[in-house]
Amino acid sequence: MIYRPVPARLPVPAGIGRLLVLTTVFICAACGLVYELELVALASYLIGDSVTQASVVLSVMVFAMGVGSLLAKRLRGRAALGFAAVEAVLALAGGLSAMALYACFAWYGRAWPALVGFSLLIGVLTGAEVPLLMTLIQRIRRQDAGGAVADLFAADYVGALVGGLAFPFLLLPVLGQLTGALVTGAVNAVAGGALVLWLFRGDLSARARWAVLAANGLVLALLALCSVLSDPFERAARQAVYGTDVRVAVRTGMKEVVLTGGAGGGEPALFLDGRLRASGEPSRYHEALVGPAMAGSHRRVLVLGGGDGIAVREVLRHGGVAAVTVVDPDATVVRLARTDARFVRFNGGAYEDARVAVVHADPFEWLRGRPPAVPGRAYDVVVCDLPGPGGTGGAKLYSQEFYGLVARQLGDGGRLVVHAGRMGERAHDLRTVDATVRSVGLCTRPYRSPGAGEGWAFVLAGRSPAPGCRRGCPQVPAGMRALEGGGAVASTLMHPRYGE
């Protein structure tokens, strides 16, 4: 049986009605992509491994969109009412998805079920939009299927472009993840409800109009209530994750910074993106990272990352340091490290030292823009205080090109130290980092920290005076435990010439 749309009774000329439908397609597409990006971003933050989270969300949503398109065939006879119902549920699900995902992680410790569930639900509802909108636009003015599809998808793709750009450049920095999703849901509900209640009101009975109005009003009220409660909700969720003694919690454009303890005798702790960065005094991780590299000439030191200033504190504990350059892209973290009293307790007021200079830039791009160092301007020590090789977001900071760029800044006898992950969890990371550093002509000594911090692995590297010569390799101090790191393949990201 072939379905033939009945011409709609419109309150405006057909041309304007068609433009309004395409405008709604544009808005709904933008909202749909924001929901998708919101799930990917929040899941990457909560769970980690952004590639896996993006793959799960995208594949599940695309599959669900196909299912939604098939299910929408049953609604074509009442396309206007069906579209209103789909948009109301989609606005509610998409708007609340971020809060639900965060709640599952904070109180149940598992965000995966919510991630898959919301990806399925949002995908089904998004897939149902296109067949219903196709029916509505054909009811305004019949045209060949190819032309109607072209117009519909043109508006859809442009809307997706706007939504994709609005999320990182407008919604996320201005409203944040939770409120941004709620506002997007409200826009979605208003657009879908307004189109049906005004343009296609002739298709609805009085009871149906009241039902659509009540449903959209309820959705908007719930989204508004959640928006008002978003700050208390976020505080409660943060306390569920970090405990009740949260002193500072700031989300920058790049990470979340949380300081706990420090009052009532509680031990202070610093978390970056949910991961413990430092706890109490001293920081064994930073001692193990910086100490071995400082055994030798260390007049000029470069710290890549480390905006919290804790690695800088360890550098300044060694006599003979004339200048320290810190390259970190997150100005907010550095500002907190300079001004917040609890933060200053961790870094010992390192940024108050006149020898310390800060550059707010991506370390990779900063190194790319610098020519090879000349004698007198080269660095004696380079400390890579970076998030770790386990994630994909900072993969370029563990690549062959990155280490090649670092090597250009080292002077004769200069040393490089790299955080290479945790022992036992991802042992392959240590071997890969070690092989990648060696591939740019540096001699390496993998080691791990002793005592309570023995889970951390590092790679210490230095220049050899001649190819294959081991006399230029830096020595691991007696307090550290030397490791064997060879046997893995180098990460040859971008320019492989550094491995030649």
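Not measured: the values here are computed from a predicted model.

Here is what the cut-offs are and how they apply
- Residues numbered from 1 in each chain as written.
- Predicted model: local features only at pLDDT ≥ 70, side-chain atom pairs only at ≥ 80, totals over all residues.
- Heavy atoms only, no water.
- Helix = DSSP H or I, 4+ residues; strand = E, 2+ residues; numbered from the N terminus.
- Buried < 20%, exposed > 50% of the residue type's maximum accessible area, 1.4 Å probe, protein only.
- Contact = heavy atoms within 4.5 Å.
- Areas by Shrake-Rupley, 256 points an atom, 1.4 Å probe, with all protein chains shown as cover.
- Salt bridge = Lys/Arg side-chain N within 4 Å of Asp/Glu carboxyl O.
- Core = buried A, V, L, I, M, F, W, Y, C linked by side-chain atoms within 4.5 Å.
- Phe/Tyr/Trp six-rings, centres within 6.5 Å; stacked < 30°, edge-to-face > 60°.
- Arc of directions from axis to C-beta.
- Polar contact = N/O pair within 3.5 Å; in protein donor to acceptor, adjacent residues only side chain to side chain.
- Expected span 1.5 Å × (residues − 1).
- Patch = residues over 30% accessible without salt bridge, like charges linked within 9 Å, V, L, I, M, F, W, Y side chains within 5 Å.
- Axes fitted to C-alpha atoms, helices over the stretch in contact; angles between N-to-C directions.
- Parallel < 35°, antiparallel > 145°, perpendicular 65-115°, else oblique.
- Pairing = 2+ DSSP bridges.
- pLDDT = per-residue confidence, 0-100.
- Nonpolar A, V, L, I, M, F, W, Y, C, P; charged D, E, K, R; others polar.

### Here we look at the overall build of the protein chain
When you go through the protein chain residue by residue, the secondary structure sums to 13 helices and 12 strands. Expressed as a percentage of its 500 residues, the buried residues of the protein chain come to 50%. Of all intrachain contacts in the protein chain linking residues separated by at least 6 positions in sequence, the fraction that spans at least 24 positions is 75%. A total accessible area of about 22,100 Å² is found for the protein chain, and carbon and sulfur atoms account for 61% of it.

### Section: the pattern of salt bridges
One pass over the full model with this rule turns up 9 salt bridges. Put simply, D203 and R139 hold a salt bridge, and the shortest N to O gap is 2.1 Å. With D203 in the loop between α5 (145-199) and α6 (206-242) and R139 in helix α4 (residues 112-140), this pair connects stretches of sequence that are 64 residues apart. Residue D203 is classed as partly exposed on the basis of its relative accessible area, which comes to 27%.

### Some remarks on the nonpolar core
Judged by nonpolar contacts, the single largest core of 69 residues is most densely connected at V21, F83, L101, L133 and F200. A total of 15 residues in this core trace back to one element, the largest contributor, which is helix α3 (residues 79-108).

### Here we look at the packing of aromatic side chains
In this structure the tally under the stated criterion is 8 aromatic pairs. With centroids separated by 5.8 Å and ring planes inclined at 35°, the aromatic side chains of Y285 and F458 adopt a geometry described as tilted. Note that Y285 is positioned in helix α7 (residues 284-290) and F458 in strand β11 (residues 456-463), a separation of 173 residues in sequence. F458 shares its class with Y285; the two are buried.

### Digging into the environment of G296
Tracing the sequence through the fold places G296 in the loop between α7 and β5 (300-305). With 84 residues separating them in the primary sequence, G296 and D380 have C-alpha atoms 8.5 Å apart.

### Examining helix α9 (residues 331-339)
Owing to its 3.6 residues per turn, the α-helix brings residues three or four apart onto one side. If you check which residues of α9 are buried, you get V333, V334, L336 and A337. Down the axis of α9, the sector holding all buried residues measures 160°, keeping them to one side. If you follow the buried residues of α9, they end up packed against β1 (246-251), β2 (256-260), α10 (341-347) and β7 (356-359). Where α9 begins, the capping side chain belongs to D330, and its oxygen is found 3.2 Å from the backbone nitrogen of T332.

### Notes on helix α1 (residues 14-47)
Over its 34 residues, α1 runs 49 Å from end to end, which matches the ideal 50 Å to within 8%, given 1.5 Å per residue. Where α1 terminates, the next one or two residues include G48, which has phi positive at roughly 90°.

### Some points on the environment of D353
In this fold, D353 is placed in the loop between α10 and β7. For the pair D353 and L316, spaced 37 residues apart in sequence, the C-alpha separation works out to 8.7 Å. Among the polar contacts listed, one links the side chain of D353 to the side chain of R355, at a separation of 2.8 Å.

### Notes on a nonpolar patch on the surface
Residues L170, V174, L175, V183 and V187 make up a contiguous nonpolar surface patch of about 390 Å² in total accessible area. Of note, V183 is situated in helix α5.

### Points about the packing of α1 against α4
A pair of packed helices is captured by two measures, namely the crossing angle of their axes and the spacing between those axes. Here α1 crosses α4 at 170°, and the two axes come no closer than 11 Å. With respect to their mutual orientation, α1 and α4 come out roughly antiparallel. Contacts between α1 and α4 involve A14, G17, R18, V21, L22, V25, C28, Y35, L39, A43 and I47 on the former and, on the latter, W112, L115, F118, S119, I122, E129, L133, I137 and I140.

### A closer look at the pairing of strand β3 (residues 269-272)
Of the two faces of β3, the one holding A269 and F271 and the one holding L270 and L272 are both buried throughout. Across 4 bridges, the pairing between β2 and β3 is antiparallel. Residue pairing in the sheet places V257 in a bridge with L272 of β3.

### As for the side chain of N347
Counting through the fold element by element, N347 comes out in helix α10. Look at N347 and you get buried, because its relative accessible area is 0%. A distance of 2.9 Å separates the side chain of N347 from the backbone nitrogen of G349, its partner in a polar contact. With near-sequence residues (within four places) excluded, N347 lies in contact with D308, G309, I310, R313 and A337.

### Concerning the confidence of the model for the protein chain
Averaged over every residue, the pLDDT of the protein chain is 84; residues scoring 70 or more account for 84%. When the criterion is pLDDT under 50, residues 493-500 qualifies, and its contacts beyond four places in sequence or with other chains add up to 21 contacts.

### Thoughts on the packing of α3 against α6
Running from N to C, α3 and α6 point in directions that differ by 10°, and their axes come no closer than 10 Å. Classified by the angle between their axes, α3 and α6 sit roughly parallel to one another. Looking at the contact of α3 with α6 residue by residue, the classes come out as 23 nonpolar, 3 polar and 2 charged.

### What to know about the environment of L218
Mapping L218 onto the fold places it in helix α6. On the basis of relative accessible area, L218 is assigned to the exposed category, the value being 53%. Taking C-alpha positions, L218 is 9.2 Å from A88, a pair spaced 130 residues apart along the chain.

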